[in-house]
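Listed here are the chains, written in short residue letters.
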Amino acid sequence: MLSRNATTNLNRRQSAMRRLRRRNASASMLYCRTNGCASFLVPDQTAGSATCPVCGYTRRLPRTN
Ligand SMILES: [Zn+2]
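What counts and what doesn't
- Residues numbered from 1 in each chain as written.
- Predicted model: local features only at pLDDT ≥ 70, side-chain atom pairs only at ≥ 80, totals over all residues.
- Heavy atoms only, no water.
- Helix = DSSP H or I, 4+ residues; strand = E, 2+ residues; numbered from the N terminus.
- Buried < 20%, exposed > 50% of the residue type's maximum accessible area, 1.4 Å probe, protein only.
- Areas by Shrake-Rupley, 256 points an atom, 1.4 Å probe, with all protein chains shown as cover.
- Donors = N, O, S within 2.8 Å, 3.2 Å for Na, K, Ca; no water.
- Tetrahedral: all angles 85-135°; square planar, octahedral: opposite > 155°, others 65-115°.
- Lys, Arg positive; Asp, Glu negative; His and termini not counted.
- Salt bridge = Lys/Arg side-chain N within 4 Å of Asp/Glu carboxyl O.
- Core = buried A, V, L, I, M, F, W, Y, C linked by side-chain atoms within 4.5 Å.
- Contact = heavy atoms within 4.5 Å.
- Pairing = 2+ DSSP bridges.
- Axes fitted to C-alpha atoms, helices over the stretch in contact; angles between N-to-C directions.

J.: Please explain the overall build of the protein chain as it appears in this structure.
T.: Assigned secondary structure in the protein chain consists of 1 helix and 3 strands. Residues counted as buried form 15% of the 65 residues belonging to the protein chain. A total accessible area of about 5,700 Å² is found for the protein chain, and carbon and sulfur atoms account for 54% of it.

Put into structure tokens, the structure is as follows:
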């Protein structure tokens, strides 16, 4: 019984970590990273792209709707 609880807790923790990682992945979409640029892109929904205010790099945004 004790081991079953431990397994359930582990599974729960792993799914939580997976969820967290997925959220981080979508957040990193807006992280510039161009030539070591440590800025975040500013999304422009009407243009369907995101632009970095520091280096001017523009990345197309995936359609969410
Ligand atoms: Zn940049």
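Having seen it, we continue.
J.: Would you explain the coordination of the zinc ion in this entry?
T.: Octahedral metals with six donors have ideal donor angles of 90 or 180 degrees. Tetrahedral metals with four donors have an ideal donor angle of 109.5 degrees. Ligation of the zinc ion by protein atoms is provided by Cys32 (SG), Cys37 (SG), Cys52 (SG) and Cys55 (SG), these donors lying 2.3 to 2.4 Å from the ion. For the zinc ion, the 4 donor atoms are set out with angles of 101 to 123° between them, so the coordination reads as tetrahedral. Spacing between the donor residues of the zinc ion along their common chain follows C-x4-C-x14-C-x2-C. Note that cysteine 37 is positioned in the loop between helix H1 (2-28) and strand E1 (42-44) and cysteine 52 in the loop between strand E2 (49-51) and strand E3 (58-60), a separation of 15 residues in sequence.

J.: Explain the side chain of arginine 59 here, please?
T.: With respect to the helices and strands, arginine 59 occurs in strand E3. Buried and unpaired, arginine 59 has aspartate 44 as its nearest opposite-charge partner, separated by 15 Å.

J.: Sorry if this is basic, but what is going on with the nonpolar core here?
T.: Soluble, globular proteins show a tendency: their nonpolar side chains are buried together. In this structure, Cys32, Cys37, Leu41, Ala50, Cys52 and Leu61 together form the largest nonpolar core, which totals 6 residues. Apart from the residues within four sequence positions on either side, alanine 50 is in contact with Leu30, Leu41, Val42, Pro43, Asp44, Tyr57, Thr58, Arg59 and Leu61.

J.: Would you mind going over unusual backbone geometry with me for this structure?
T.: Note: most peptide bonds trans; most residues except glycine with negative phi. A positive phi angle, close to 65°, is found at arginine 33, a residue other than glycine. Take arginine 33: it is sitting in the loop between H1 and E1. The backbone of asparagine 35 shows a phi angle near 55°, a positive value even though the residue is not glycine. Tracing the chain through its elements places asparagine 35 in the loop between H1 and E1.

J.: Any chance you could explain the sheet that holds E1 here in plain terms?
T.: Strands belonging to one sheet form pairs held by backbone hydrogen bonds; the direction of such a pair is parallel or antiparallel. A sheet is described by the order of its strands in space; here 3 strands give the open sequence E1-E2-E3, paired in antiparallel fashion. The open sheet has two edge strands, E1 and E3, and neither has a second partner. Pairwise comparison of adjacent strand axes, ignoring direction, gives a mean angle of 25° for this sheet.

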